Amino acid sequence: CSTDPLVGAWQSRVSATEGYVSTLKDLEFSYVFNQGGTMTESSNYDGAPPVPPAYGIWRSLGSGLYETKYLFYATQPPEKLEQLPQGWGPAGHGEIVEQIRLAPNRNSFESTMTLKLFDPSGKVVPGGGTAKGHGTRIEF
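These lines cover the structure that appears in this document, whether it is placed above or below.

The rules behind the values
- Position numbers for residues start from 1 in each chain and track the written sequence from start to end.
- Under the rules for a predicted model, residues below a pLDDT of 70 receive no local features and side-chain atom pairs below 80 are neither given nor counted, while totals for whole chains, interfaces and linings still include all residues.
- As a rule here, side-chain values come from all non-hydrogen atoms in the structure, and water together with hydrogens is ignored.
- Any two strands are treated as partners once DSSP identifies two or more bridges connecting them.
- Here a strand is any run of E in DSSP of at least two residues, a helix any run of H or I of at least four, and the numbering for each starts at the N terminus.
- To define axes, lines are fitted to C-alpha atoms, for helices over the stretch in contact only, and angles between the resulting N-to-C directions are given on a 0 to 180 degree scale.

### Concerning the pairing of strand E1 (residues 8-16)
In this structure, E1 lies alongside strand E2 (residues 28-33), joined through six bridges in antiparallel fashion. Opposite Arg-13, over in E2, you have Glu-28 as the bridge partner. Sheet topology note: the E1/strand E8 (residues 124-137) ladder contains seven bridges and is antiparallel. In the strand pairing of E8, Ser-12 is matched with Gly-135.

### Here we look at the sheet that holds strand E6 (residues 89-102)
Strand pairing in a sheet is mediated by backbone hydrogen bonds. Such pairs are either parallel or antiparallel. Taken in spatial order, the eight strands line up as E1-E2-E3-E4-E5-E6-E7-E8 and close into a barrel, and their pairing is antiparallel. Between one strand axis and the next, the sheet turns by 30° as a mean value, whatever way the strands run. Bridging between E2 and strand E3 (residues 38-43) involves five bridges; their strand directions are antiparallel. Across the sheet, the residue bridging to Tyr-31 is Glu-41, located in E3.

### A few points about the pairing of strand E5 (residues 65-76)
Note: strand E4 (residues 54-62) against E5, seven bridges, orientation antiparallel. Paired with Trp-58 across the bridge in E5 is Thr-68. Where E5 and E6 come together, eleven bridges link them in antiparallel fashion. From the neighbouring strand, Thr-68 faces E6, where its bridge partner is Glu-98.

Written out as structure tokens, the structure is:
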């Protein structure tokens, strides 16, 4: 069984000129792409507001081009200070679709991504946008 060149752990610097992520000037993603087409993504902003890692899928489109689709869940602070011990509540979710072009050396990539944001009922809300990424494989 051969392993796809995307499989493994990656780190990416992400920049955007529109939408919510454009306010995050030092945004970084860490990814793990698993054989079989599942993936996990986490960012250096997962704690602001508290957001768990994103989970999703990936597929090869051939010739070093890949597509990913992953989801994350947003949270919101309690309305009253005395509710703080109950934690942050659900505030909808986000969906990122990313096109990745793997470099010929298989150790870096360039990507473009589109973010859509949804309220708790599943309705699209403002704040989405597009971004670009530059990723490098995490190695010893």
